[in-house]
Amino acid sequence: MRVLLIEDDECIAKSLETVLAKENYAVDVAVDGELGWQFIESFAYDLILLDVVLPKLDGIALCRQIREYHYQTPVLLLTACNSSTDRVIGLDAGADDYMVKPFELAELLARMRVLLRRGSSPVVPLLEWHQLQIDPVSCQVTYSDQLLHLTPKEYRLLELFLRKPRHVFTRSAILEHLWGVEEMPGEDTITAHIKGLRQKLKQVGAPADFIETVYGIGYRLKQSLAETDSTSHASKSSTHHSPLPTHLVSPQEQSLKQQSIQVALQTVWNKYVSKNREQVQLLKHLLTALQSQPLSNQQWQQAQTAAHKLAGTLGLFGRSHGSNLASALEQFFRAQQIPNAADWQTLAQQIDELDAIVCQNSTAALPVHHPLALILVDDDTAWVEQFQQLPAHQFVQMSTIEELEVYLKLYPAPSKSNNDMEIPPFNRVLLNVSLADLSAQQLSWLKTMTHQTPPALVFVCTEHASLDLRVKLAQAGVYAVLPKLLPEQVLNLVKHLQLSSSTAQKRILMVDDNPQVLDMLQSSLEPWGLQINRLENAQQFWETLQSCVPDLLILDIEMPAYSGIDLCRTVRNTFNWHDLPILFLTAHTDAATLKEAVNAGANALIHKSATQIDIVYHVLAELQRARGTAIQLG
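Within each chain, residue numbers correspond to sequence positions counted from 1 in written order. Selection of residues for local features in this predicted model requires a pLDDT of at least 70, selection of side-chain atom pairs for listing and counting requires 80 or more, and totals for whole chains, interfaces and linings are taken over all residues. Derived side-chain values reflect all non-hydrogen atoms in the structure, with water molecules and hydrogen atoms excluded from consideration.

## Some points on the overall build of the chain
Part 1 of the reasoning: Only DSSP runs of H or I covering at least 4 residues are called helices, and only runs of E covering at least 2 are called strands; the numbering of each starts at the N terminus. Helix and strand content of the chain: 23 helices and 21 strands.
Part 2 of the reasoning: Counting over 634 residues, the chain shows a buried share of 50%.
Part 3 of the reasoning: Should any heavy atoms of two residues lie within 4.5 Å, those residues are counted as being in contact. For the chain, contacts bridging at least 24 residues in sequence account for 69% of all contacts bridging at least 6.
Part 4 of the reasoning: Residue burial considers only the protein chains on display, and all accessible areas are found by Shrake-Rupley using a 1.4 Å probe. Total accessible area computed for the chain in this model is approximately 29400 Å², and 51% of it derives from carbon and sulfur atoms. Buried residues are those whose accessible area, probed at 1.4 Å on protein chains only, stays under 20% of the maximum for their type, while exposed residues exceed 50% and partly exposed ones sit between those limits.

Next comes the structure, spelled out in structure tokens:
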């Protein structure tokens, strides 16, 4: 897919271009609105990423111009302006979506996929043609469940065909979709890529003409396969009842992908760190100048622009505190007010702190954690032998809990202080044990596993679970007791729940009028892959809730304007949000207040004196519990 990025900040533009290229997008970059318009008139794009504050032609005016000329390309606005008025102006100008800097790269990629899917019909998570499947999220391609190893260009070419499977693409159209302006090759390159792609498809059993040539025009997918495809789906639906995915991304693959992106971002950060420091020095110089004489309008604007760029850049690289400092400085310079005597020192300290953050040597890595899954089979050797018929890479089999303990000592759970631990060869373990003979010590060990951070997922497969055993398993934190399904169905269920239970992509909305508390929460939760949205002003709660769409809400009780209890009741009274997990983080200890919070609909109460690891455990456990409420098995 071909994307146009219109962004004047060179550091942000280069980092986004790097990440998007690794996600198999062809990217063109324009540094101002007028150049962006020239690109739009000259080439066909699948998506436009548009900054709002641009030289020559600002993003809002450009967006209006795009729609006035009847271009239907999806537009995603990127800006540091986060008021509801700014959002309304952007959406009214014709934008399809709106993201506020700083933003998480994972959320940006997800929103891009949503906008790209809207242009495809029907809206499906997988792209399929006959036995070929593409997962746009993991960038995995399979044919008859065999993995294809494609180059980035081959992947983009195949994705282009599958998004419009009945469309005939000319060579020039393929060039426009797959190559940026600066790397545009000749049309002979298309012939070479088609040939290579056909060979790889043929190696996994696809017809030689899976991609057929329409002579004199171009290429398309073989149309006669469409009828076979519909027949195949009909036969599959009669025998396969599970809607769960069968080729989820492994933790090893996900981790390697995260590492690859992290290395690329580190390279970009190192390249532009001196430029970011220049922005900080400009702020320091202008603040010093303001102490002796008024600034000109141009100087106020220079300072505001420098702070604006730093807010976006630091947020993109995981330096959220620095981004917040830059945003506050941007607001100060925008107001163009002379500070009082008490504020001078605060402003100088903020700029010094900002300088220290910019000088930090590495980008903030947010590891993605996939919890360990334990499958306990109730002493059934014959059933375990059926498991052994599954592909060997799906799980590791062990015979005793003691053996598993040794395995886990070699590969302990990742921690905030050590994100470079060796990846375990398997994170799904099958144990064939007698549940009736589980000792108190072994049950206690299981409880330790299910209450660690992140917690392990324990599944029990049995047909003979008495009430007494079920109570003991529940006390040990077992995730689900499953009936004796087919081994493949059990493993698919475990893989699905294991991926769903990962904290990656989970959004947390934190509402507290104390920024120090928000800083502490953010620093504690972000290393677990959680996307953190923070709010100090409770009056903005409803619009923030709607735009953030969190998986969990953390509220303070005592706040100006609206208390956390007021907000909790409001959420519980709204049908779309009545199942949202809500935690109260509070300094109150009196029974009356705590009872009022529970009656308002809180899932849990955490005292502000709790340790960071206790808070992390509560959050992860509540997210896991929210997933578990949808499971009705056993």
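## A few points about the nonpolar core
Part 1 of the reasoning: Core analysis: the biggest nonpolar cluster contains 29 residues, and Phe161, Ile174, Phe210 and Ile211 have the highest contact counts within it.
Part 2 of the reasoning: Of all the secondary-structure elements, those providing two or more residues to this core are strand 6 (127–129), strand 7 (132–135), strand 8 (140–143), helix 6 (152–163), helix 7 (171–178), helix 8 (188–203) and strand 11 (218–221).
Part 3 of the reasoning: Broken down by element, this core gets its largest block of residues, 6 residues, from helix 6.
Part 4 of the reasoning: One finds Ala303, Phe332, Leu347 and Ile351 within the second-largest nonpolar core, a separate group that totals 26 residues. Put simply, buried Ala, Val, Leu, Ile, Met, Phe, Trp, Tyr and Cys residues joined by side-chain atoms within 4.5 Å make one nonpolar core.

## Points about the packing of helix 12 (residues 320–335) against helix 13 (residues 341–358)
Part 1 of the reasoning: Whenever a helix is involved, its axis is fitted only over the stretch in contact; in every case the axis is a line through C-alpha atoms, and angles between N-to-C directions fall within 0 to 180 degrees. Interaxial distance between helix 12 and helix 13 falls to 9 Å at its minimum, and their mutual angle equals 140°. In terms of orientation, helix 12 and helix 13 fall into the oblique class. You can see that helix 12 and helix 13 cross each other, and the crossing is left-handed. Residue-level contacts link His321, Gly322, Leu325, Ala326, Leu329 and Phe332 of helix 12 to Leu347, Gln350, Ile351, Glu353, Leu354 and Ile357 of helix 13.
Part 2 of the reasoning: When residues are sorted by character, Ala, Val, Leu, Ile, Met, Phe, Trp, Tyr, Cys and Pro go into the nonpolar class, Asp, Glu, Lys and Arg into the charged class, and all the rest, Gly among them, into the polar class. For the contact of helix 12 with helix 13, the residue count by class is 8 nonpolar, 3 polar and 1 charged. An angle counts as roughly parallel when it lies under 35 degrees, as roughly antiparallel when it exceeds 145, as roughly perpendicular when it falls between 65 and 115, and as oblique in every other case. If you view the pair so one helix is near and one far, a crossing is left-handed when the near helix is turned anticlockwise from the far one by less than a right angle, and right-handed when it is turned clockwise.

## Regarding the environment of Arg163
Part 1 of the reasoning: Here Arg163 lies in helix 6.
Part 2 of the reasoning: In sequence terms Arg163 and Trp129 are 34 residues apart; their C-alpha atoms lie 9.8 Å from each other.

## Side note on the pattern of salt bridges
Part 1 of the reasoning: A carboxyl oxygen of Asp or Glu within 4 Å of a side-chain nitrogen of Lys or Arg is what we treat as a salt bridge. By the definition in use, this model includes 19 salt bridges.
Part 2 of the reasoning: Between Asp28 and Arg2 there is a salt bridge whose closest N-O contact spans 2.6 Å. Of this pair, Asp28 sits in strand 2 (residues 26–30) while Arg2 sits in strand 1 (residues 2–6), placing them 26 residues apart in sequence. Each member of the pair, Asp28 as well as Arg2, is classed as buried.
Part 3 of the reasoning: A salt bridge links Asp355 to Arg277, with the shortest nitrogen-to-oxygen separation between them at 3.1 Å. With Asp355 in helix 13 and Arg277 in helix 10 (residues 251–290), the pair connects residues that are 78 residues apart, well separated along the chain.
Part 4 of the reasoning: Taking relative accessible area as the criterion, Asp355 reaches 11% and is therefore assigned buried.

## Here we look at the sheet that holds strand 3 (residues 47–51)
Part 1 of the reasoning: When DSSP finds two or more bridges between two strands, those strands count as paired. Pairing in this open sheet of 5 strands is parallel, and the strands run 2-1-3-4-5 from one edge to the other. Two strands lie at the open edges of the sheet, namely strand 2 and strand 5 (97–100), each paired on one side alone. The sheet shows a mean angle of 20° between the axes of neighbouring strands, direction not considered.
Part 2 of the reasoning: In this structure, strand 1 lies alongside strand 2, joined through 5 bridges in parallel fashion. Each residue of the ladder has a partner; that of Leu4, found in strand 2, is Asp28.

## Let's talk about the side chain of Arg156
Part 1 of the reasoning: Within the element layout of this structure, Arg156 appears in helix 6.
Part 2 of the reasoning: Distance and chemistry together define a polar contact, namely a pair of N or O atoms within 3.5 Å, with one atom able to donate a hydrogen and the other to accept it when in protein, and with adjacent residues in sequence counting only for side-chain atoms on both sides. Polar contacts involving the side chain of Arg156 include one to the main-chain carbonyl oxygen of Tyr25, which spans 2.9 Å.
Part 3 of the reasoning: Excluding residues that lie within four positions of it along the chain, Arg156 makes contacts with Ala21, Asn24, Tyr25, Ala26 and Leu178.

## Some remarks on unusual backbone geometry
Part 1 of the reasoning: A positive phi angle, close to 70°, is found at Lys56, a residue other than glycine.
Part 2 of the reasoning: In this structure, Lys56 sits in the loop between strand 3 and helix 3 (59–68).
Part 3 of the reasoning: Residue classification places Lys56 among the exposed positions, given a relative accessible area of 63%.
Part 4 of the reasoning: In this model, Ala561 sits at a positive phi of 70°, which is unusual for a non-glycine residue.
Part 5 of the reasoning: Along the chain, Ala561 turns up in the loop between strand 19 (552–555) and helix 21 (564–572).

## Comments concerning the packing of aromatic side chains
We describe a pair of aromatic rings using the distance from one ring centre to the other and the angle between the two ring planes.
Part 1 of the reasoning: Centres within 6.5 Å are what make two rings of Phe, Tyr or Trp a pair, Trp counting through its six-membered ring; a difference in plane orientation under 30 degrees is then read as stacked, over 60 as edge-to-face, and the rest as tilted. Evaluated as defined, the whole model comprises 7 aromatic pairs.
Part 2 of the reasoning: Both rings, one in Phe541 and one in Trp542, keep their centres 6.5 Å apart while their planes meet at 55°; by these two values the pair is tilted.
Part 3 of the reasoning: Its relative accessible area of 2% is what places Phe541 among the buried residues.
Part 4 of the reasoning: With a relative accessible area of 33%, Trp542 lands in the partly exposed category.

## A short note on the environment of Trp445
Part 1 of the reasoning: Along the chain, Trp445 turns up in helix 16 (residues 440–450).
Part 2 of the reasoning: In this structure Trp445 comes out as buried when scored by relative accessible area, which is 15%.
Part 3 of the reasoning: The spatial distance from the C-alpha of Trp445 to the C-alpha of Glu405 is 9.2 Å, given a sequence separation of 40 residues.

## Re the pairing of strand 17 (residues 507–511)
Part 1 of the reasoning: Of all the 5 residues making up strand 17, 5 are buried; the element is thus mostly covered by neighbouring parts of the structure.
Part 2 of the reasoning: Burial along strand 17 is two-sided: Arg507, Leu509 and Val511 facing one way and Ile508 and Met510 facing the other are all buried.
Part 3 of the reasoning: Pairing geometry for strand 17 and strand 19, over 4 bridges, is parallel. Residue Met510 lies in a different strand from strand 19, and its bridge partner there is Ile554.

## Observations concerning the pairing of strand 7
Part 1 of the reasoning: Because side chains alternate across strand 7, one face comprises the buried residues Leu132 and Ile134, and the other comprises Gln133 and Asp135, equally buried.
Part 2 of the reasoning: Between the end of strand 6 and the start of strand 7, which pair antiparallel, lie 2 residues, with His130 showing a positive phi angle near 60°.

## A word on the confidence of the model for the chain
Part 1 of the reasoning: Considering every residue of the chain, the mean pLDDT works out to 76; 78% of them sit at 70 or more.
Part 2 of the reasoning: The quantity called pLDDT is the predictor's confidence in a given residue, expressed from 0 to 100. Taking the mean pLDDT of every element in the chain, the minimum, 42, falls on helix 9 (residues 225–239) and the maximum, 94, on strand 19.
Part 3 of the reasoning: Segment residues 363–369 is flagged for pLDDT under 50; beyond a separation of four residues in sequence, or across chains, it makes 29 contacts in the model.
Part 4 of the reasoning: A low-confidence stretch, residues 413–423 stays under pLDDT 50, and its non-local contacts, those more than four residues away or across chains, total 21 contacts.

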